[in-house]
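Here's the letter readout for the chains.
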Amino acid sequence: MLNETIHTIGGARLNKTEIDILQCIRCSEDIGDSWEVLTLADQTDTFFCDALCAVDTLVLEGLLQNDTDVSPTDINRSVVVTDGAIDFLNLYAEEIDSLYIMLDTSVFDESETAVA
C-alpha cells in the first residue's frame with residue numbers, strides 16, 4: 001500500500017506530484033497549451049512513471065484531458081488543460097501555491113523541516 005498524504009482542494013484529492021504538476025501548469029504563460037508528460041516530469045523534477053500516474057489522476061479528476069491517440073504509457077503522451085481546470089486553477093490558486101511551498105522540502109534546511 002502506498003503511504004502518501006492526500007490533500008483535498010475543491011473536491012479534488014491530490015498528492016504532492018499532482019500539486020507540483022498543477023503548479024507548473026498554473027505558472028506557465030501558455031496554460032492552455034498541450035503538455036507532454038515527459039516535459040511535466042522534467043519541469044517538476046519527477047520520475048516519468050510518477051508523472052504518468054499523477055497525470056492519470058488529474059485526467060480522472062477532470063483537470064486534464066488526453067491530447068493524443070497514443071498508448072497511456074507512451075513516452076510521447078500529451079495532455080491539455082480543460083476549461084474547467086483553468087477555472088479550478090484560478091479559483092484555488094492560493095491553496096495550490098501554499099501547498100506547493102509547504103511540500104517543497106528544498107526551501108527548508110534540515111532543522112526547519114523537522115519543525116515544519
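The present account deals with the structure reproduced in this document. As the structure is a computational prediction, the values presented were derived from the model and not from experiment. (Residues numbered from 1 in each chain as written. Predicted model: local features only at pLDDT ≥ 70, side-chain atom pairs only at ≥ 80, totals over all residues. Heavy atoms only, no water.)

**A short note on the sheet that holds strand S4 (residues 64–66)**
The cut-off we apply is this: One requirement defines pairing of two strands: DSSP has to find at least two bridges between them. Secondary structure follows DSSP: runs of H or I at least 4 residues long count as helices, runs of E at least 2 residues long count as strands, and numbering of each begins at the N terminus. Inter-axis angles, ranging from 0 to 180 degrees, are taken between N-to-C directions of lines fitted to C-alpha atoms, where helices are fitted over the stretch in contact.
Read across the open sheet, the three strands follow the order S3-S5-S4; overall the sheet is antiparallel. Strand pairing shows two members of the sheet lacking a second neighbour, strand S3 (34–36) and S4, which therefore form its edges. Sheet twist, expressed as the mean angle between neighbouring strand axes with direction ignored, is 40 degrees. With three bridges connecting them, S4 and strand S5 (residues 78–81) associate as antiparallel partners.

**Here's the deal with the packing of aromatic side chains**
To be explicit about the condition: Stacked, tilted and edge-to-face pairs are distinguished by plane angle, under 30 degrees for stacked and over 60 for edge-to-face with tilted covering the rest, among Phe, Tyr and Trp rings (Trp via its six-membered ring) whose centres lie within 6.5 Å. Summary of the burial criterion: residues with accessible area below 20% of their type's maximum are buried, those above 50% are exposed, and those between are partly exposed, where the area comes from a 1.4 Å probe applied to protein chains only.
Enumeration over the complete set of coordinates arrives at one aromatic pair. Their ring planes at 50 degrees and their centres at 5.0 Å tell us that phenylalanine 88 and tyrosine 92 sit as a pair that is tilted. In this structure phenylalanine 88 comes out as buried when scored by relative accessible area, which is 9%. Of the residues examined, tyrosine 92 reaches a relative accessible area of 21% and is grouped as partly exposed.

**Here we look at unusual backbone geometry**
Of note in the backbone geometry, aspartate 45 takes a positive phi value of approximately 55 degrees without being a glycine. Its place among the elements puts aspartate 45 in the loop between helix H2 (37–43) and helix H3 (48–60).

**Things to note about the pattern of salt bridges**
We count it as follows: What counts as a salt bridge is simple: a side-chain nitrogen of Lys or Arg found within 4 Å of a carboxyl oxygen of Asp or Glu.
A complete count under the given rule lists three salt bridges for this structure. In this structure, the salt-bridge partner of arginine 77 is aspartate 56, at a minimum N-O distance of 2.7 Å. Highlighted residues: arginine 77 in the loop between S4 and S5 and aspartate 56 in helix H3, separated in sequence by 21 residues. Exposure remark for arginine 77: the relative accessible area of 4% places this residue in the buried category.

**Considerations on the pairing of S5**
On S5, burial covers both faces: Ser78 and Val80 on one face and Val79 and Val81 on the other are all buried. Two elements, S3 and S5, share three bridges in a ladder whose sense is antiparallel. Bridge assignment links glutamate 36 to a residue of S5, and that residue is serine 78.

**With respect to helix H5 (residues 93–103)**
We apply this condition: Of all possible arcs, the one meant is that of the directions from the helix axis to the C-beta atoms.
Listed as buried for H5 are Ala93, Ile96, Leu99 and Leu103. The buried residues of H5 occupy an angular sector of 140 degrees when projected down its axis, which confines them to one face. Counted as exposed and oriented over 90 degrees from the buried face of H5: Glu94 and Ile101.

**Observations regarding the packing of helix H1 (residues 16–26) against H3**
When two helices pack together, their arrangement is given by the angle between the helix axes and by the axis-to-axis distance. Our working definition: Throughout, the term roughly parallel applies to angles under 35 degrees, roughly antiparallel to angles over 145, roughly perpendicular to angles from 65 to 115, and oblique to all others. Between two residues, a contact is recorded if the distance between any of their heavy atoms is within 4.5 Å. Put simply, Ala, Val, Leu, Ile, Met, Phe, Trp, Tyr, Cys and Pro go in the nonpolar bin, Asp, Glu, Lys and Arg in the charged bin, and everything else, Gly too, in the polar bin.
Remark: H1 packs on H3, axes separated minimally by 9 Å, with the N-to-C direction vectors making an angle of 80 degrees. Comparing the axis directions of H1 and H3 gives the class roughly perpendicular. For the pair formed by H1 and H3, the contact residues are Thr17, Glu18, Ile21 and Leu22 on the first element and Asp50, Ala51, Ala54, Val55, Thr57 and Leu58 on the second. Here the residues of the contact of H1 with H3 are counted per class, giving six nonpolar, two polar and two charged.

**Some details on the nonpolar core**
Spelled out, the test is: What is meant by a nonpolar core is a set of buried Ala, Val, Leu, Ile, Met, Phe, Trp, Tyr and Cys residues, joined one to another through side-chain atoms within 4.5 Å.
Within the largest apolar cluster, 28 residues are counted, with the highest numbers of intra-cluster contacts made by Ile21, Ile25, Leu40 and Phe88. The set of elements that each furnish at least two residues to this core consists of strand S2 (12–14), H1, H2, H3, S5, helix H4 (83–91) and H5. What leucine 40 contacts, discounting residues up to four positions off in sequence, is Ile21, Cys24, Ile25, Trp35, Val55 and Val79.

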